[in-house]
Each structure stands twice: as C-alpha cells, then as structure tokens.
Amino acid sequence: MIRINCPYCGERDHSEFTYGGDGSVKYPALDASMEDWLQAVFQRENIRGVQTESWHHVNGCRMWLLVERDTMTHEIHSVRVAHPGLQQALEDPS
Amino acid sequence: MTRFSAWNVFRNGLSGQKGWDRQWRDVEPKADYDVVIVGGGIHGLATAYYLAKKHGLKNIAVLEKGWIGGGNAGRNTTIVRSNYFRPGNREFYEHSLKLWENLSHDLNYNVMFSQRGHVSLLHSPGAVDAAARGYNTLRLTGSDAEIWGLEELKQEIPHLNYAANARFPILGAAVQRRAGTARHDAVVWGYARAADQLGVDIIQNCEVLGVRRDQGRITGLDTSRGAIGGSKIGFSVAGNTSRLWDMAGLGTLPIESHKLQAFVTEPLKPLLDHVVVFGVGGTHFYISQSDKGGMVFGGDLDWYKSYAQRGNLPIVQDVSECALSILPCLGRVRLLRHWSGVCDMSMDGSHFICKTPLDNLYLNAGWNYGGFKAGPGAGWFFADLIANDRPHEIVAEHDLKRFERGYNIDERGAGPDPKLHG
Ligand SMILES: Cc1cc2nc3c(=O)[nH]c(=O)nc-3n(C[C@H](O)[C@H](O)[C@H](O)COP(=O)(O)OP(=O)(O)OC[C@H]3O[C@@H](n4cnc5c(N)ncnc54)[C@H](O)[C@@H]3O)c2cc1C
Ligand SMILES: [Zn+2]
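Given the structure is predicted, the values throughout are model-derived calculations rather than measurements. Residue positions are counted from 1 within each chain, in the order its sequence is given. Chain letters start at A and ligand numbers start at 1, both assigned in the order the entries are written. Predicted model: local features are reported for residues with pLDDT of at least 70 only, side-chain atom pairs are reported and counted for 80 or more only, and whole-chain, interface and lining totals are derived from all residues. With hydrogens and water excluded, all non-hydrogen atoms of the structure serve as input to the side-chain values.

**Considerations on the environment of D302 of chain B**
Residues and elements named next belong to chain B.
Then step 1. Helical segments are the DSSP runs of H or I of at least four residues, strand segments are the runs of E of at least two, and each set is numbered from the N terminus. Inspection of the secondary structure assignment puts D302 in strand β16 (residues 301-305).
Then step 2. The cut-offs for exposure are 20% and 50% of the maximum accessible area for each residue type, with area from a 1.4 Å probe on protein chains only; residues under the lower value are buried, those over the upper are exposed, and the others partly exposed. Of the residues examined, D302 reaches a relative accessible area of 2% and is grouped as buried.
Then step 3. As for D302 and L260, which are separated by 42 residues in sequence, their C-alpha atoms are 6.0 Å apart.
Then step 4. Note on contacts: a residue pair is in contact if any heavy atoms of the two residues lie within 4.5 Å. D302 has contacts with K259, Q261, R310, G311, N312 and I315, leaving out every residue within four places of it along the chain.
Then step 5. Counting of polar contacts relies on pairs of N or O atoms within 3.5 Å, with two restrictions inside protein: one atom must be capable of donating a hydrogen and the other of accepting it, and residues adjacent in sequence are counted only when both atoms are side-chain atoms. For D302, the side chain forms a polar contact with the side chain of K259, separated by 2.5 Å.
Then step 6. There is a polar contact of 2.9 Å between the side chain of D302 and the side chain of Q261.

Printed below as a string of structure tokens:
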C-alpha cells in the first residue's frame, strides 16, 4: 500500500485517495493554438522515475494534492497542496 | 525440427521423449538485419512470423530484453473475443479472431485455443438494450452474438448468484460463443518456433539501451549484446513504448503505462465452462477456469501510473469482492498467486499500428489490457505495414495523429484519460 502524507490529515493509505494524473500538465489559455491543446490533453511524457502527479484526498479532507512519486519504486518524495495559495498559507501562516 | 503430429507424439512416448530437438535456435546477433523487431511478446513474434511467412522477408531479428513471453504475453488472463464496435476495431478484432481459429494448424503448435464462449452478465434494462445494439452490430458485420435470458443462462451456468436480493440481480447475458481463452505461453512458443523455422533470429537477453539516429532515420540500436543494425525497425514493447520512444528522441506519446493484476486460485475440479464477465456500476471483473483447474481472474487497473510489475492490495480486495458477488461458491477457495504487468494505456483505449516521424521506424503499441486477443491480428497488420511501408485500410486511422484530427477511437466513451480505458 502506498502511504501519502496529506498536509492536512497526516499519513494515509492511498486507497483513501483517487489518482488524478500527470500533475505537470498545464492547460494553455482558452484561445491557445490547437497544437498547445493537443499537447496538454493527449500527449504524455510517461516518465519512468520521479514524476509530479495529482491525487485527490476524496475520502479525507477532499483537497487536491501534488505528489512527487517514483513510478518505478512507488517511493514518494514530496506532497504539497495543489492550490498554490493554500500551499503558501501552509508554509507561511502569518 | 520435428513436426508435431499424433505419430511423433506416439513414437516419442515409446522412446522416452528423447527424439525432440530445441524448439528454436539460440543465436548470436548479426551486425545487420533487414528488419529488427524490438520486443519478444506475442505481438513482436507474430510480426516476425508473418513478415517471413506472408511477405517472404528473410533477414529478420526479434530482440527481447529478458525471455520471450516474460512480459504481458505471459501475464494476461488470456481472454480472446472480437466484440469490439468502433469502425476499424470491429474489422481488426474479427480478423484476429479468425486467425486464432486456425492458429494451432498454421503454427503446427497446440495453442489450446478454447472457444468456450464469453458471457457478459446484464444487470439492468439499460444494459439489456445496449447488448441488443451490440448483438445487431456483430450480426450485421459477419460475426456471432447471442443474447441469453435468465432461463438459458441458468442452464448454462447454474452456480452464479441468482439471488433476487443480490445487490445487482442478473437479468441475462450477452454472449459471443466463438470467444474463449488460449494458453498464453503456448502462443508465444508457437510463434517463436514457427518464425525460427522460417529463419527469424530470436535473440533473448538482448535489451535495447539506445537508438542511433541520423536525421530522420534510425541507423542502429545499441543493445546489451552490442550494436545491431536494421534497415527497418519496429517497436513492439507494450508498457515500455515511451522509453523506447524517448531513446529515439521522439518526445511525448498519447500513452501512459499502468499496471494490471491477474489472479489464480488453487486448482478445482471443473466448475466454470465459460469466460464470465461482471461489469456494473464501477466494478469490472472477468473469470475463467484454466485447464489445470485454477480460477483465473482479474479486474481494473491499479489506478495509478506505474512501471513496477507488482500489484497493490486494494485491487486484491476489489476483485475478491467481485468474485464472491457473482460466484459465492468460491468463498473458501484459496488464492495461489497474483502478479501484474505494465500496460500501454492509450488516450482513447485503442491501438497504434502506424508509421512514425522517422522514415524507417514503425510502431505497434497502445494495446491497453486487451492486446492478447489482438496478438495474431497485430502481428499480421504490423507485418503488412512494415513490408509495404503503408498501413492497411483497416488500421489506417490507428495512427498517432488521430487526436490531431479529432478522431478518437474510444470503445468505452471514457475520454482522454488512459486509466479509464480497458
Ligand atoms: C494482468 C493482465 C491481464 C491481461 N488480460 C488480457 C486478456 O484477458 N485478454 C487480452 O486480450 N489481453 C489481456 N492483457 C493485455 C495483453 O497481455 C497485452 O496487451 C499484450 O500481451 C501486449 O503485447 P505483447 O504480448 O507483445 O507484450 P509483451 O509480452 O509485454 O512484450 C513486450 C516485450 O518487450 C520487451 N522489451 C521491453 N523493453 C525492451 C527493450 N528496451 N529491449 C528489448 N526488449 C524490450 C519486454 O521484455 C517484453 O517481453 C492483459 C494484460 C495484463 C498485464
Ligand atoms: Zn487530507
């Protein structure tokens, strides 16, 4: 069982989460070119090694997280909140 | 090479089985080939076989990093059927099923193809309607289909959970009689042996580590057994496609690697004559009984991207729950083993048999977890593509550019999320 250290809930089994997908994908502006949209929606690096991916703590705090995980060993290197403002608030509560 | 025949089996029975030779040669790789296929699964071996047999090519190698059939070819639940519905897929899988029907004769190797029937349980009036539509499509396009009501189903498979208070009561089934299972290792060995007889070099323990390029062409492959050149190169490496693609410097692909598990129980006396599929409201489960008696089954992917060939525990629980909800009689049977394979999940759930941005590189990939049944057909159409340097019309839309054209071939209608396809 992969264990994910949720910034809000602590370390939990991955079965509490749903897997989003490749978290490095950035959607382009709505009026961006077809080529940019094609890349974002359909094309993947499919890394064997450490990749950033999104996980949803759906049976917990319901927050979306960005997890750095090794797709070969399943080792987790970092977990942060996907929403940049919330992550910042966690890091610097003042 | 001794041909397999009733007489030879009998004769060797009398002489202590000493009259058999190696089934394929163990050769040193040559420096150059006309065609090099990377990946010694069913697809790679079948491709080499049809290149030699049907297209008359002579100088062919199959490079396999481990042992042939050590990948998904030897890890799958062996279900063979042709009830796919999208244009292109429909014709492709029917063609593949027809090849299966004559495969043991063609290869002179018993692949133990057993047309025991594929029975998809139906649990709602909506599912019955959808099955009727599928039935019509199959019957109108030269295939076989049946719809079974509850009485017929009970006669064929008496020990399913027919309780009226089941969470998902069974209403009937959509059936393809010509579908079934085959012995996965035998298919690999049969293709290898037949290809070898036609002069194909099958080179095991030969991992491709680098791809040499000169502009728009591949000039050679760096392997764990030295440099190997090929005028034409075919990639057929299932879950490792993106890695080879990366070695060739080609960037991204509409593919993600996910793992799928399979399970087998201790052997039982004959219990289940068909392949039974249970899929409703988020569950997905398929089960058959192997010739050794083990109940062989599987379900969904492990739900996160992975290159690790080992499965996780939540899926063990999921499939066990599914097993018990349709076959409660399995409650006290022990699980023997479970394992996993890395699948090349594509963005629309359909495959790629196509040319690539490099002149002499051809791609066969994106088989999701349905590529066992496709093996003979994929080999046939991939060989046709490599020999003629153009796709056959049946796979013409199955290229890497279809997303650019807005042409998704999405059997499940699940959208561009690889883990949702099957
Ligand atoms: C658990 C499971 C259950 C399945 N059940 C079914 C089913 O019931 N019905 C069905 O139709 N399909 C099923 N599938 C899918 C099917 O097994 C695959 O789609 C199919 O086997 C893929 O084609 P292949 O046999 O050529 O792949 P593989 O056997 O995986 O062959 C690819 C080969 O490439 C080799 N390779 C990789 N990288 C390199 C390299 N760098 N150099 C050299 N060689 C390399 C690998 O070692 C491997 O042997 C299932 C898959 C899994 C994992
Ligand atoms: Zn949480």
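Don't stop here, the text continues.
**Looking at the interface of chain A and chain B**
Then step 1. Facing the 24 residues of chain A at the interface are 26 residues of chain B.
Then step 2. Buried area, as used here, totals the accessible surface that two parts lose on assembly, with accessibility defined by a 1.4 Å probe and the loss added over both. Summed over both partners, the interface of chain A with chain B comes to about 2200 Å²; 53% of that surface belongs to carbon and sulfur atoms.
Then step 3. The term salt bridge refers to a pairing of a side-chain nitrogen on Lys or Arg with a carboxyl oxygen on Asp or Glu at a separation within 4 Å. As a salt-bridge pair, R44 of chain A and E256 of chain B come within 3.7 Å of each other at their nearest N and O atoms.
Then step 4. Contributing elements (two or more residues each) for the side of chain A that touches chain B: β3 (18-22), α1 (34-42) and β4 (50-56) of chain A.
Then step 5. A total of 4 residues in the side of chain A that touches chain B trace back to one element, the largest contributor, which is α1 of chain A.

**Comments concerning helix α7 (residues 184-197) of chain B**
Residues and elements named next belong to chain B.
Then step 1. For α7, built from 14 residues, the straight-helix expectation of 20 Å at 1.5 Å per residue is met to within 8% by its first-to-last C-alpha distance of 20 Å.
Then step 2. Counting buried positions over the 14 residues of α7 gives 11, a clear majority of the element.
Then step 3. As for α7, its buried residues are in contact with α2 (42-53), α3 (89-101), α4 (103-107), β8 (201-203) and α10 (371-388).
Then step 4. Just past α7, the residue G199 takes up positive phi, approximately 100 degrees. Multiply 1.5 Å by the residue count of a helix minus one, and that product is the helix's expected span.

**Overview of the side chain of E64 of chain B**
Residues and elements named next belong to chain B.
Then step 1. Assignment of secondary structure puts E64 in the loop between β2 (60-63) and β3 (79-80).
Then step 2. A polar side-chain atom of E64 sits 2.8 Å from the main-chain amide nitrogen of G66.
Then step 3. In this view, E64 contacts G39, G40, G41, I203, Q204, N205 and C206; residues no more than four positions away in its chain are not counted.

**A word on the sheet that holds strand β6 (residues 76-81) of chain A**
All names here are of chain A.
Then step 1. Strands are treated as partners if at least two bridges between them are detected by DSSP. Reading across the sheet, the 4 strands line up as β3-β4-β5-β6 and stay open at both edges, with antiparallel pairing between neighbours. On the outer flanks of this sheet lie β3 and β6, each paired with one strand and no other. Averaged over all pairs of adjacent strands, the angle between strand axes in this sheet comes to 30 degrees, irrespective of strand direction.
Then step 2. By the bridge criterion, 7 bridges tie β4 to strand β5 (residues 64-70) in an arrangement that is antiparallel. Orientation is described by axes fitted as lines to C-alpha atoms, over the contacting stretch for helices, and by angles from 0 to 180 degrees between their N-to-C directions.

**Some remarks on the environment of Q197 of chain B**
Then step 1. One can find Q197 of chain B in helix α7.
Then step 2. When the C-alpha positions of Q197 of chain B and A52 of chain B are compared, they lie 9.7 Å apart, and in sequence the two are 145 residues distant.

**What to know about the site of ligand 1**
Residues and elements named next belong to chain B.
Then step 1. Residues are counted as near a molecule or strand when any one of their heavy atoms sits within 4 Å of it. Taken together, 37 residues are adjacent to ligand 1, and E64, N72, A73, T77 and K373 come closest.
Then step 2. Here a nitrogen atom of ligand 1 and a backbone polar atom of K65 are 3.1 Å apart.
Then step 3. A distance of 3.0 Å separates an oxygen atom of ligand 1 from a polar atom in the backbone of G370.
Then step 4. Method for areas: the Shrake-Rupley scheme with a 1.4 Å probe, in which residue coverage is limited to the protein chains shown. Within the complex, 97% of the 1000 Å² of free accessible area of ligand 1 lies under protein.
Then step 5. Going through the elements one at a time, α2, β12 (255-265), β17 (335-346) and α10 are the ones with two or more residues in the shell around ligand 1.
Then step 6. Each residue belonging to the shell around ligand 1 can be placed in one class, and the counts come to 16 nonpolar, 16 polar and 5 charged. Note on residue categories: nonpolar means Ala, Val, Leu, Ile, Met, Phe, Trp, Tyr, Cys or Pro, charged means Asp, Glu, Lys or Arg, and polar means any other residue, Gly included.

**Regarding the nonpolar core**
The nonpolar side chains of a soluble globular protein tend to be buried with one another.
Then step 1. If you look at the biggest cluster of nonpolar residues, it comprises 50 residues, and the most contacted ones within it are Y50, F92, W100, V187, Y191 and I353 of chain B.
Then step 2. Those elements that place two or more of their residues in this core are β1 (32-38), α2, β2, α3, α4, α7 and α10 of chain B.
Then step 3. No other element matches α10 of chain B, which puts 9 residues into this core.
Then step 4. Apart from the residues lying within four places of it in its own chain, the contact partners of W100 of chain B are V80, V111, F113, A182, V187, F372, K373 and P376 of chain B.
Then step 5. The next biggest cluster of nonpolar side chains, apart from the first, holds 34 residues, and it includes V41 of chain A together with I218, C354 and L400 of chain B. The set of buried Ala, Val, Leu, Ile, Met, Phe, Trp, Tyr and Cys residues whose side-chain atoms join them within 4.5 Å is what this entry labels a nonpolar core.

**Remarks on the packing of aromatic side chains**
All names here are of chain B.
Then step 1. Whether two aromatic rings pair depends on their centres lying within 6.5 Å, for rings of Phe, Tyr and Trp, where Trp uses its six-membered ring; planes under 30 degrees apart make the pair stacked, over 60 edge-to-face, and the rest tilted. This structure, assessed with the given rule, holds 21 aromatic pairs over all chains.
Then step 2. For the ring pair F92 and F381, a centre distance of 5.5 Å and an interplane angle of 35 degrees mean the geometry is tilted. Residue F92 is located in helix α3, and its partner F381 is located in helix α10; the two are separated by 289 residues in the primary sequence.
Then step 3. On the basis of relative accessibility, which here comes to 0%, the residue F92 falls in the buried class.
Then step 4. Judged by its relative accessible area of 1%, F381 falls in the buried class.
Then step 5. Judged by centre distance (4.9 Å) and plane angle (70 degrees), the ring pair of W380 and F381 falls under edge-to-face. F381 matches W380 in its accessibility class, with the two residues each being buried.
Then step 6. Ring-pair connections join several aromatic residues into one group, and the members of that group are Y84, F92, Y93, W367, W380 and F381.
Then step 7. Think of it as a cone above the ring: NZ of Lys or CZ of Arg counts as a charge over the ring if it is within 6 Å of the ring centre and within 35 degrees of the ring normal. Positioned above the aromatic ring of Y162 is the side chain of K154, whose terminal nitrogen or guanidinium carbon lies 5.4 Å from the ring centre.

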